[in-house]
Amino acid sequence: MNLPEIVDQTRAYYCLDCGICTGSCPVSRVTPEFSPRLMVEKVLMDEEENPLEDVNIWSCLSCGQCSSRCPSKIDYPEFVRMVREEAVRQGKGGVPAHRGLFQTIMRLQTLDIKQSKTDWAREAGRISESGDTYYFVGCSPFFDVEFQTDWNLDVMDGPRGVLKLLNTMGIEPVIHDDERCCGHDLLWNGDKENFARLAERNVKLIKSLGCKRVVFHCPEGYLTFKKYYPEVLGDLGIEIVHFYELLAAEVKSGAISFAPSDGVLTYHDPCRLGRQAGIIEQPRDLIQAIPGIEFKEMQHNRENGICCGTSAWMGCSSCSKAIQKNRLAEAVATGADTLVTACPKCRLHLSCALRDMDIELKIRDINDLLAQTLKI
Ligand code: SF4
Ligand code: SF4
């Protein structure tokens with residue numbers, strides 16, 4: 001897609017030059033030379049400079065804070081995604097974080113490789129070979145390999161918690177070794193071709209197992225299946241459900257309850273789950289269903305929640321660290337002793353920044369928290 005077509009598709013020509021986007025942007029707040037308004041202007045007006053060469057196109061977190069407030073409803077994250085796609089097509093890419101390790105793992109999964117990634121599930125609970133409900137575990141098993149040893153962080157406690165809770169709800173989900181990365185990061189890295197390959201493999205697998213619905217705990221996987229898979233595959237013919245929709249209904253009906261606990265907790269809204277998928281109240285309701293817990297909101301919460309500072313394993317920088325540290329300082333300012341997250345990557349990124357800060361704060365996965373306090 002060329003630039004005029006991108007401008008057309010994302011309504012960029014309606015820009016009023018008001019600057020609300022830049023004033024709302026967490027990247028602009030710590031890196032003043034980054035400005036979504038100027039980027040749109042550059043594409044609309046400046047024929048000399050090529051935005052495909054602009055490094056700022058790779059600094060956007062696609063958090064959607066700007067577009068949620070834009071009076072002209074310009075979809076800046078989509079604009080960025082499309083410009084990246086065009087840049088990649090022309091051989092110009094961004095700088096991946098972690099030396100591109102995760103992008104390599106993602107692209108490997110487009111091939112006919114054999115994976116072994118369900119052992120943890122057989123140890124943690126009951127799963128099925130086929131059936132109505134597929135649990136899409138996502139990339140936590142790969143993150144676990146990278147971060148368990150280096151950071152002593154058990155990323156699999158989230159999926160184990162989800163499985164325990166699903167089993168308690170009477171669901172023995174299908175989990176499969178052949179599941180691939182959902183492709184979220186490749187999509188936002190501008191690699192639409194490999195994104196489409198991953199999408200096709202995942203949907204084919206899930207349908208071949210006879211599953212009629214897919215349950216996600218990962219915000220990125222959920223949003224990617226719900227919004228972006230149909231763009232490349234059409235109607236998927238399977239129901240896309242977020243785990244908290246199921247769990248919140250069980251808690252509301254009284255079928256599931258939690259044992260008393262203590263502590264002061266605050267909640268970080270992942271951009272994909274909160275602002276972009278509209279799953280905002282359920283995680284809060286679930287945390288507050290634990291008796292004895294005191295819940296505090298951060299200054300920026302719900303639709304105004306601030307991004308965890310890095311997106312799609314691309315360009316982790318001093319700007320990312322500044323955003324993360326500001327977010328952790330906000331959590332501490334609530335008086336909370338624990339920051340609860342609902343996204344494996346938010347947890348990793350915020351935990352990374354926490355290592356360099358001298359503050360008393362724990363970061364916990366919400367699924368692990370709920371599973372550990374489950375009343376059986
Ligand atoms: S908020 Fe929307 S209209 Fe205002 S400058 Fe940004 S893109 Fe243009
Ligand atoms: S999507 Fe987020 S990071 Fe990107 S320009 Fe908009 S507010 Fe800034």
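Heads up: these notes are all about the structure in this document.

The rules we used
Residues numbered from 1 in each chain as written. Chains lettered and ligands numbered in written order. Predicted model: local features only at pLDDT ≥ 70, side-chain atom pairs only at ≥ 80, totals over all residues. Heavy atoms only, no water. Helix = DSSP H or I, 4+ residues; strand = E, 2+ residues; numbered from the N terminus. Rg over C-alpha atoms; globule rule 2.2 N^0.38 Å. Buried < 20%, exposed > 50% of the residue type's maximum accessible area, 1.4 Å probe, protein only. Contact = heavy atoms within 4.5 Å. Areas by Shrake-Rupley, 256 points an atom, 1.4 Å probe, with all protein chains shown as cover. Lys, Arg positive; Asp, Glu negative; His and termini not counted. Charge placed at Lys NZ, Arg CZ, Asp CG, Glu CD. Pairing = 2+ DSSP bridges. Axes fitted to C-alpha atoms, helices over the stretch in contact; angles between N-to-C directions. Phe/Tyr/Trp six-rings, centres within 6.5 Å; stacked < 30°, edge-to-face > 60°. Lys NZ or Arg CZ within 6 Å of the ring centre and 35° of its normal. Near = heavy atom within 4 Å. Nonpolar A, V, L, I, M, F, W, Y, C, P; charged D, E, K, R; others polar. Core = buried A, V, L, I, M, F, W, Y, C linked by side-chain atoms within 4.5 Å. Expected span 1.5 Å × (residues − 1). Right-handed = clockwise from strand over helix to strand, strands pointing away.

So, about the overall build of the chain. When you go through the chain residue by residue, the secondary structure sums to 18 helices and seven strands. For 376 residues, the compact-globule estimate of 2.2 N^0.38 gives 21 Å, and the chain sits close to it at 20 Å. By principal-axis analysis of the C-alpha atoms, the chain measures approximately 65 × 50 × 40 Å. When burial is assessed residue by residue, the chain has 57% of its 376 residues classed as buried. Contacts in the chain between residues far apart in sequence, at least 24 positions, make up 79% of those at least 6 positions apart. Counting every atom, the chain has about 15,900 Å² of accessible surface; 48% of that belongs to carbon and sulfur. One finds the centroid of the 43 positive side-chain charges in the chain at a distance of 2 Å from the centroid of its 53 negative side-chain charges.

On to the sheet that holds strand S1 (residues 133-136), then. If you trace the three strands from one edge of the open sheet to the other, you get S1-S2-S3, paired in parallel fashion. Of all the strands in the sheet, the pair left with one neighbour each is S1 and strand S3 (239-242). Within this sheet the neighbouring strands show an average axis-to-axis angle of 30°, counted without direction. With four bridges joining them, strand S2 (residues 213-216) and S3 adopt parallel strand pairing. Paired with Val 214 across the strands is Ile 240, a residue of S3. In this fold helix H13 (residues 219-233) packs onto S1, S2 and S3, with an angle of close to 155° to the strand it touches most, S3. Sheet strands in contact with helix H14 (residues 243-253) are S2 and S3, and its direction is about 65° off that of S3.

All told, the structure shown has 16 aromatic pairs when counted by the stated rule. Clustering of aromatic rings is evident, with ring pairs tying together Phe 136, Phe 195, Phe 216, Tyr 222, Phe 225 and Tyr 229. In this structure, Arg 81 packs its charged tip against the face of Trp 188, placed 5.9 Å from the ring centre. Over the aromatic face of Trp 188 sits the side chain of Arg 272, whose NZ or CZ is 4.8 Å from the ring centroid.

Moving on to the site of ligand 1. All residues in the neighbourhood of ligand 1 are listed as Cys 15, Leu 16, Asp 17, Cys 18, Gly 19, Ile 20, Cys 21, Arg 37, Cys 70, Pro 71, Ser 72 and Ile 74. Residues that form the shell around ligand 1 fall into these classes: eight nonpolar, two polar and two charged.

A general feature of soluble globular proteins is that nonpolar side chains tend to end up buried together. One finds Tyr 134, Phe 225, Phe 243, Leu 247 and Ile 287 to be the most contacted residues of the largest nonpolar core, which totals 62 residues. Counting residues per element, this core draws most heavily on H14, which supplies six residues. The contacts of Tyr 134, once residues within four sequence positions are left out, are Val 174, Ile 175, His 176, Glu 179, Leu 205, Ile 206, Leu 209, Cys 211, Arg 213, Val 214 and Val 215.

Here the focus is helix H6 (residues 76-89). With 14 residues, H6 ought to run about 20 Å at 1.5 Å a step, and its terminal C-alpha atoms sit 20 Å apart, in line with that. In terms of residue burial, H6 counts as a mostly covered element, since 12 of its 14 residues are buried. Of all the positions in H6, only Tyr 76, Pro 77, Glu 78, Phe 79, Val 80, Arg 81, Met 82, Val 83, Arg 84, Glu 85, Glu 86 and Ala 87 are classed as buried. Those residues of H6 that are buried are in contact with helix H1 (3-9), helix H4 (36-45), helix H5 (65-69), helix H11 (184-188), helix H12 (192-208) and H13.

Quick look at the pairing of strand S4 (residues 264-268) now. Judged by how many residues are buried, S4 sits mostly within the fold: five of five residues are covered. The alternating pattern of S4 places Val 264, Thr 266 and His 268 and Leu 265 and Tyr 267 on opposite faces, both of which are buried. Note that S4 and strand S5 (residues 294-296) share three bridges and pair parallel. Its bridge partner lying in S5, Leu 265 is registered against Phe 295. In the classification by handedness, the crossover that spans S4, the intervening helix H15 (residues 281-288) and the parallel S5 is right-handed. Both S4 and strand S6 (residues 338-341) contribute to a ladder of four bridges, which runs parallel. Following the sheet pairing, Tyr 267 is matched in S6 by Val 340.

Let's shift gears to the site of ligand 2. Around ligand 2, 14 residues are found, and the nearest of them are Cys 25, Cys 60, Leu 61, Cys 63 and Cys 66. Of all elements in the fold, only helix H3 (26-30), H5 and H6 reach the threshold of two or more residues within the shell around ligand 2.

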